[in-house]
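What follows is each chain in one-letter form.
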Amino acid sequence: MKTSTTRAKPRAKRPAAKRRRATEGPAERRARLRRIIARLEREFPAAHCALDHGTPLELLVATILSAQCTDARVNLVTPSLFAKYRSAGAYAAADPRVLEREIQSTGFFRNKTKSIIGMAQALVERHGGRVPDTMDALVALPGVGRKTANVVLGNAFGRNEGVVVDTHVQRLSARLDLTGHTEPKKIEQDLMRSVPQDRWILFSHQLIWHGRKICQARRPKCIECNLERLCYSKDKTV
Ligand code: SF4
């Protein structure tokens, strides 16, 4: 009778990053987050909102325009817009076809025109033309979601009411294992639970800047990244 020796299949080697992620406990995770915050602070101590603005209303309009558009593109459009429309009343009374042409290059201009005029009309009717400084009042305005409200509250009023979750924050939160969620609202909840409140807005800017300069969507520059040793992402290029 022929006997066969069953040889154990060699086990696939687990990448170190995957192993580290799997064994990380809550205390280690908190310590890693503290180091991430400290390194981002060293890298981008002056990170700030890249949308040019002088007033809460200008920031609100610029943030609406920035949906699906780069901040640089928005900054090309807003100087003439802000010079022409100097109040919520002016936007509320704008001719939609004219405004559409003026903001056309930012994309989705029909929806954005509708949002800006609707938002401005609500500001005039409910707030005497002023931009409110509370989350509830801001998200009740047409075309204003939590992300836009966080941008305005954090940058125009200096209030840390939440974390801005844009496409960069979404991507980096996943790569750095700061969340297990993909939905912006849930990501924001996770970040609010783990980042100290007085850093919420600055931390969003620092992640956004890191995302733009280093941890880009298609080709992250991991070799230049000062978070490399703290990152377990499968997207890493080193
Ligand atoms: S190591 Fe790479 S994937 Fe991780 S945060 Fe840095 S650039 Fe992004």
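Because the structure is predicted, anything quoted here is derived from the model rather than measured. (Residues numbered from 1 in each chain as written. Predicted model: local features only at pLDDT ≥ 70, side-chain atom pairs only at ≥ 80, totals over all residues.)

Undergrad: Honestly, the domain arrangement of the protein chain in this entry has me stumped. Any pointers?
TA: Many structure descriptions define interface size as the accessible area lost when the parts assemble. What the domain assignment reports for the protein chain is domain 1 (27-48 + 162-230) and domain 2 (56-156). Taken together, the contacts link eight residues of domain 1 with six residues of domain 2. Residue classes in the side of domain 1 that touches domain 2 are distributed as five nonpolar, one polar and two charged. (Domains from an automatic or database assignment. Contact = placed C-beta atoms within 7 Å. Nonpolar A, V, L, I, M, F, W, Y, C, P; charged D, E, K, R; others polar.)

Undergrad: Explain helix α7 (residues 109-127) to me, please; I cannot follow it from the model alone.
TA: Side chains three or four residues apart in an α-helix point the same way, a direct result of the helix having 3.6 residues per turn. The first and last C-alpha atoms of α7 sit 25 Å apart over 19 residues, in line with the 27 Å expected at 1.5 Å per residue. Along α7, the residues that are buried comprise Lys112, Thr113, Ser115, Ile116, Met119, Ala120 and Leu123. The arc enclosing the buried residues of α7, seen along the axis, measures out at 165 degrees, which places them on a common side. Of the exposed residues in α7, the ones pointing more than 90 degrees away from its buried face are Arg110 and Glu125. As for α7, its buried residues are in contact with α3 (56-65), α5 (88-92) and α6 (96-103). Of the residues one or two after α7, Gly128 is the one with positive phi, at around 60 degrees. (Helix = DSSP H or I, 4+ residues; strand = E, 2+ residues; numbered from the N terminus. Expected span 1.5 Å × (residues − 1). Buried ≥ 20, exposed ≤ 12 C-beta atoms within 10 Å, placed from the backbone. Arc of directions from axis to C-beta.)

Undergrad: Whenever I open this one, the environment of Arg218 confuses me. Can you help?
TA: By the element assignment, Arg218 lies in the segment after α12 (200-213). You can call Arg218 exposed: it has 5 C-beta atoms within 10 Å. For Arg218 and Asp235, which are 17 residues apart along the polypeptide, the C-alpha to C-alpha distance reads 9.0 Å.

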